[in-house]
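Coordinates in review
Single-letter residue listing:
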Amino acid sequence: MSSVNKYKNIENELPKLPTVLLNTIQSDVLEIRMVDKTCEKYINACAKIHKLKDASYVVYSKYIDKNNHPYEKFIFLAEDGEELFDVSGVEMELYGLLRCTNLSLSEEYQAVVGKSE
């Protein structure tokens, strides 16, 4: 699936997204989600990690299971895709802190995923 771009509008929505992150997200190696700034978990996390207030997106691996979560790195991005900071899975959990993005799946990606289901 690496030849199929996952999102059709990611470069417009996140113009400052570093190329290496863009490529790994587009090839479906890494996942991107928005940070849910309305949940209690976010408010509690901001008390510990003050930089989180500037983050709008987080990039992570969807292939790492919960048992290996402490070994993962989460990359937090600004609203324009600029890389802000990273946090290890030891420092925080993402569960309950994410929401869907405003990114649109490409038709090619949907066709490939539809065939595999």
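Here is a short report on the structure shown in this document. (Residues numbered from 1 in each chain as written. Predicted model: local features only at pLDDT ≥ 70, side-chain atom pairs only at ≥ 80, totals over all residues. Heavy atoms only, no water.)

**What about the packing of aromatic side chains?**
- Under the defined criterion, the tally for this structure stands at 1 aromatic pair.
- With centroids separated by 5.0 Å and ring planes inclined at 15°, the aromatic side chains of Phe76 and Phe85 adopt a geometry described as stacked.
- Judged by relative accessible area, Phe85 falls into the buried class, the value being 7%.
- In this structure, Lys66 is placed above the aromatic ring of Tyr95, and the distance from its NZ or CZ to the ring centre is 4.9 Å. (Phe/Tyr/Trp six-rings, centres within 6.5 Å; stacked < 30°, edge-to-face > 60°. Buried < 20%, exposed > 50% of the residue type's maximum accessible area, 1.4 Å probe, protein only. Lys NZ or Arg CZ within 6 Å of the ring centre and 35° of its normal.)

**Notes on the pattern of salt bridges**
- Counted according to the given criterion, the structure contains 8 salt bridges.
- Close ionic contact of Asp28 with Lys6 constitutes a salt bridge, the shortest N to O distance being 2.9 Å. With Asp28 in the loop between helix H2 (19-26) and strand E1 (31-35) and Lys6 in the segment before helix H1 (10-13), this pair connects stretches of sequence that are 22 residues apart. Side by side, Asp28 and Lys6 carry an identical accessibility label, which is buried.
- Where Glu107 meets Lys8, a salt bridge forms, and the shortest distance between an N and an O atom there is 3.1 Å. On the criterion of sequence distance, the pair formed by Glu107 in helix H4 (residues 107-116) and Lys8 in the segment before H1 is long-range, its members being 99 residues apart.
- Through salt bridges that share partners, Lys6, Asp28, Glu31, Arg33 and Lys62 make up one connected network. (Salt bridge = Lys/Arg side-chain N within 4 Å of Asp/Glu carboxyl O. Helix = DSSP H or I, 4+ residues; strand = E, 2+ residues; numbered from the N terminus.)

**Examining the side chain of Glu72**
- Along the chain, Glu72 falls in the loop between strand E2 (57-60) and strand E3 (73-77).
- It is Lys73 that comes nearest to the buried, bridge-free Glu72 among opposite-charge side chains, at 11 Å.
- Looking at Glu72, its side chain comes within polar contact range of the main-chain nitrogen of Ser61, at 2.7 Å.
- With residues up to four places along the chain from it excluded, the contact list for Glu72 reads Tyr60, Ser61, Ile64, Val87, Ser88 and Gly89. (Lys, Arg positive; Asp, Glu negative; His and termini not counted. Polar contact = N/O pair within 3.5 Å; in protein donor to acceptor, adjacent residues only side chain to side chain. Contact = heavy atoms within 4.5 Å.)

**A look at the environment of Gly114**
- Positionally, Gly114 belongs in helix H4.
- Taking the relative accessible area as the measure of exposure, Gly114 reaches 46% and is therefore partly exposed.
- Sequence separation between Gly114 and Lys41 is 73 residues; the distance between their C-alpha atoms is 34 Å.

Treat this as a map of the structure, not an account of what it does.
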